[in-house]
Amino acid sequence: GAVVSQHPSWVICKSGTSVKIECRSLDFQATTMFWYRQFPKQSLMLMATSNEGSKATYEQGVEKDKFLINHASLTLSTLTVTSAHPEDSSFYICSARDRLAGGLLVAKNIQYFGAGTRLSVL
Amino acid sequence: DAKTTQPTSMDCAEGRAANLPCNHSTISGNEYVYWYRQIHSQGPQYIIHGLKNNETNEMASLIITEDRKSSTLILPHATLRDTAVYYCISGYGQNFVFGPGTRLSVLP
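Here's what I pulled together on the structure shown here. For every chain, the first residue of the written sequence is number 1, and numbering continues from 1 onward in sequence order. Whichever chain is written first becomes A and whichever ligand is written first becomes 1, with later ones labelled in order. Where local features are concerned, this predicted model is filtered to residues with pLDDT of at least 70; where side-chain atom pairs are given and counted, the filter is 80 or more; whole-chain, interface and lining totals use all residues. The basis for the side-chain values is all heavy atoms of the structure; hydrogens and waters are excluded.

1. Things to note about the overall build of chain A
Across its full length, chain A carries zero helices and 11 strands. In chain A, the succession of helices and strands from N to C terminus is β-β-β-β-β-β-β-β-β-β-β. Note on method: radius of gyration uses C-alpha positions; expected globular size equals 2.2 Å times residues raised to 0.38. Taking 122 residues into account, the globule formula puts the C-alpha radius of gyration at 14 Å, and chain A, at 14 Å, falls close to it. Along the first, second and third principal axes, the C-alpha set of chain A runs to 45 × 25 × 25 Å. With a 1.4 Å probe rolled over the protein chains alone, any residue whose accessible area is under 20% of its type maximum counts as buried; one over 50% counts as exposed, and the rest are partly exposed. Within chain A, buried positions represent 49% of all 122 residues. Any two residues whose heavy atoms approach within 4.5 Å are treated as being in contact. A fraction of 57% describes how many contacts in chain A between residues 6 or more apart in sequence connect residues 24 or more apart. Accessible surface, chain A as shown: approximately 6,100 Å² in total, 54% of it carbon and sulfur. Once the 12 positive and 9 negative side-chain charges of chain A are each reduced to a mean point, those two points are 2 Å apart. Secondary structure elements are defined from DSSP: runs of H or I of at least 4 residues count as helices, runs of E of at least 2 residues count as strands, and each element is numbered from the N terminus. Note on areas: Shrake-Rupley with a 1.4 Å probe; residue coverage comes only from the protein chains shown. We score Asp and Glu as negative and Lys and Arg as positive, and we do not count His or the chain ends. Positions of charges follow a simple convention, taking NZ of Lys, CZ of Arg, CG of Asp or CD of Glu.

Structural data, given as structure tokens:
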């Protein structure tokens, strides 16, 4: 159980185009999903927290108009990189938290990660 | 900044136990300790988590000191497939702050 599917796994696009990345929790419901970015030889950096049915919360320094997040259902969140440029090339990873796993005890709700999407902007 | 500190790298012989330490001296009373690992070019994989008591599952054991300021992840019989970056995180299950982790190399 606790599988998070991320699609696509790899995308190449031209500068100026938009790219959409999907994150799905396959066997559990996730009221909260998270989007991370990882540059080569660096650790994961949290970009935003995606809440089902409400606006995403972005970390400091992350442009919300550039990285559009939609969490329309309990099993799907999408990240759209708008007008992508070469500096947006990175490894994007989503995670989802099982809302029922820990009950009211949020800290017991483990984040399960997708396999990641490697974005290359030419 | 990450709230945990870990060694940058460690080596372990195949078949032996791998003991990965983590310091989380500023952990608060309700924060958990989580361990994940990331194999090259993949998303992090959940390993184990705990609050106060030692925990064990099919992948690993987690030993938390009584004062909760540090912990050790134990892979009892390391295999080559356990070569990865291991991340120790403290928190409430959200807003994870990943540090650089420990790069574990399991050697044949």
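2. Details of the pairing of strand β4 (residues 32-38) of chain A
All names here are of chain A. In terms of burial, β4 is largely enclosed, as seven of its seven residues are buried. Residues Thr 32, Phe 34, Tyr 36 and Gln 38 of β4 are buried on one face, and the alternating residues Met 33, Trp 35 and Arg 37, pointing to the opposite face, are buried as well. At least two bridges found by DSSP between two strands are what make those strands a pair. Examined bridge by bridge, β4 and strand β5 (residues 45-51) share six bridges and lie antiparallel to one another. Residue pairing in the sheet places Trp 35 in a bridge with Ala 48 of β5. The turn joining β4 and β5, which pair antiparallel and follow one another in sequence, is formed by six residues; a positive phi near 65 degrees is taken by Lys 41. Here β4 runs beside strand β9 (residues 90-97); their pairing, made up of seven bridges, is antiparallel. Note on β9: the bridge partner recorded for Trp 35 is Cys 94.

3. Digging into unusual backbone geometry
Of note, the bond from His 7 of chain A into Pro 8 of chain A is cis; its omega dihedral lies within 30 degrees of zero at 0 degrees. One can find Pro 8 of chain A in the loop between β1 (4-7) and β2 (10-13). Positive phi, close to 45 degrees, is recorded for Ser 83 of chain A, a residue that is not glycine. Its place among the elements puts Ser 83 of chain A in the loop between β8 (76-81) and β9. Classification of Ser 83 of chain A by relative accessible area gives partly exposed; the value is 32%. A positive phi angle is found at Arg 68 of chain B, which is not glycine, with a value near 65 degrees. Positionally, Arg 68 of chain B belongs in the loop between β6 (61-64) and β7 (70-75). Overall, the relative accessible area of 8% leaves Arg 68 of chain B in the buried class.

4. Regarding the state of the cysteines
Residue and element names in this part refer to chain A. Disulfides are defined in this document as cysteine sulfur pairs within 2.5 Å. Enumeration according to the criterion identifies two disulfides over all chains in this entry. Covalently, Cys 23 is tied to Cys 94 through a disulfide, its sulfur atoms 2.0 Å apart. The chirality of the disulfide connecting Cys 23 with Cys 94 is right-handed, given an S-S dihedral of about 80 degrees. Residue Cys 23 is found in strand β3 (residues 19-25), and its partner Cys 94 is found in strand β9; the two are separated by 71 residues along the sequence. Note on Cys 94: relative accessible area 0%, which makes it buried.

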